[in-house]
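A structural walkthrough
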Amino acid sequence: TEPPDVHLARAKRVANFDPEVWYVCGLVAADRGDWPSALADWRESLARSPRRLGAITGRLATRFPPERIRDEVLPDDPEVWRAATPF
């Protein structure tokens with residue numbers, strides 16, 4: 001009954017520790033074509049857990065160059081960068 005943006009903003013506030021919340025928010029933003037928000041949300045998700053690394057980088061690999069993915073999505077962690085290389 002509430003707009004999706006209100007629901008997602010509340011989820012980010014209440015469960016900001018949960019990487020799945022940030023991942024889903026990124027999916028919604030990407031589906032809307034709001035790539036700046038999607039990239040920022042996915043960066044937050046990956047900062048909390050690399051679990052969705054393959055799904056995120058796989059979706060971005062055909063749309064953005066590797067440098068942009070590294071700079072705007074991947075957290076500043078060499079292990080995550082290495083893990084993202086195959087994607």
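Sequence order as written defines the numbering, with residues in each chain counted from 1. Confidence filtering applies because this is a predicted model: local features only for residues at pLDDT of at least 70, side-chain atom pairs given and counted only at 80 or more, and all residues used for totals across whole chains, interfaces and linings. The basis for every side-chain value is the complete set of non-hydrogen atoms in the structure, without hydrogens or water.

Turning our attention to the side chain of Ser45. Per the convention used, a helix needs a DSSP run of H or I reaching at least four residues, while a strand needs a run of E reaching at least two, with both numbered from the N terminus. Mapped onto the elements of the fold, Ser45 is located in helix α3 (residues 35–48). Classification of Ser45 by relative accessible area gives buried; the value is 1%. Among the polar contacts made by the side chain of Ser45, one reaches the main-chain carbonyl oxygen of Pro19 at a distance of 3.0 Å. For this analysis, residues touch if any pair of their heavy atoms sits within 4.5 Å. Setting aside anything within four residues of it in sequence, one finds Ser45 in contact with Pro19, Trp22, Tyr23 and Ile56. To sort residues, take the accessible area from a 1.4 Å probe on protein chains only and compare it with the maximum for the residue type: under 20% means buried, over 50% means exposed, and anything in between is partly exposed. A 3.5 Å cut-off defines polar contacts: any pair of N or O atoms within that distance qualifies, except that in protein one atom must be a possible hydrogen donor and the other a possible acceptor, and neighbouring residues in sequence count only when both atoms are side-chain atoms.

Okay, the environment of Arg43 next. Structurally, the position occupied by Arg43 is in helix α3. With relative accessibility at 28%, the residue Arg43 sits in the partly exposed group. Taking the C-alpha atoms as reference points, Arg43 and Arg82, 39 residues apart in sequence, are found 16 Å from one another. Those residues in contact with Arg43 that lie beyond four places of it in its chain are Arg70, Asp71, Glu72, Val73, Leu74, Pro75 and Asp76. In this structure the side chain of Arg43 is engaged in a polar contact, spanning 2.7 Å, whose partner is the backbone oxygen of Leu74.

As a further point, take the packing of aromatic side chains. Note on aromatic pairs: the rings of Phe, Tyr and Trp (six-membered ring only in Trp) are paired at centre separations within 6.5 Å, and the planes decide the class, stacked below 30 degrees, edge-to-face beyond 60, tilted for the rest. In total, this model carries 2 aromatic pairs according to the counting rule given. Members of the aromatic cluster, joined through ring pairs, are Trp35, Trp42 and Phe64. Look at NZ for Lys and CZ for Arg. If either is within 6 Å of the ring centre and within 35 degrees of the ring normal, a charge sits over the ring. When the ring centre of Trp81 is taken as reference, the NZ or CZ atom of Arg70 above it lies at 5.7 Å.

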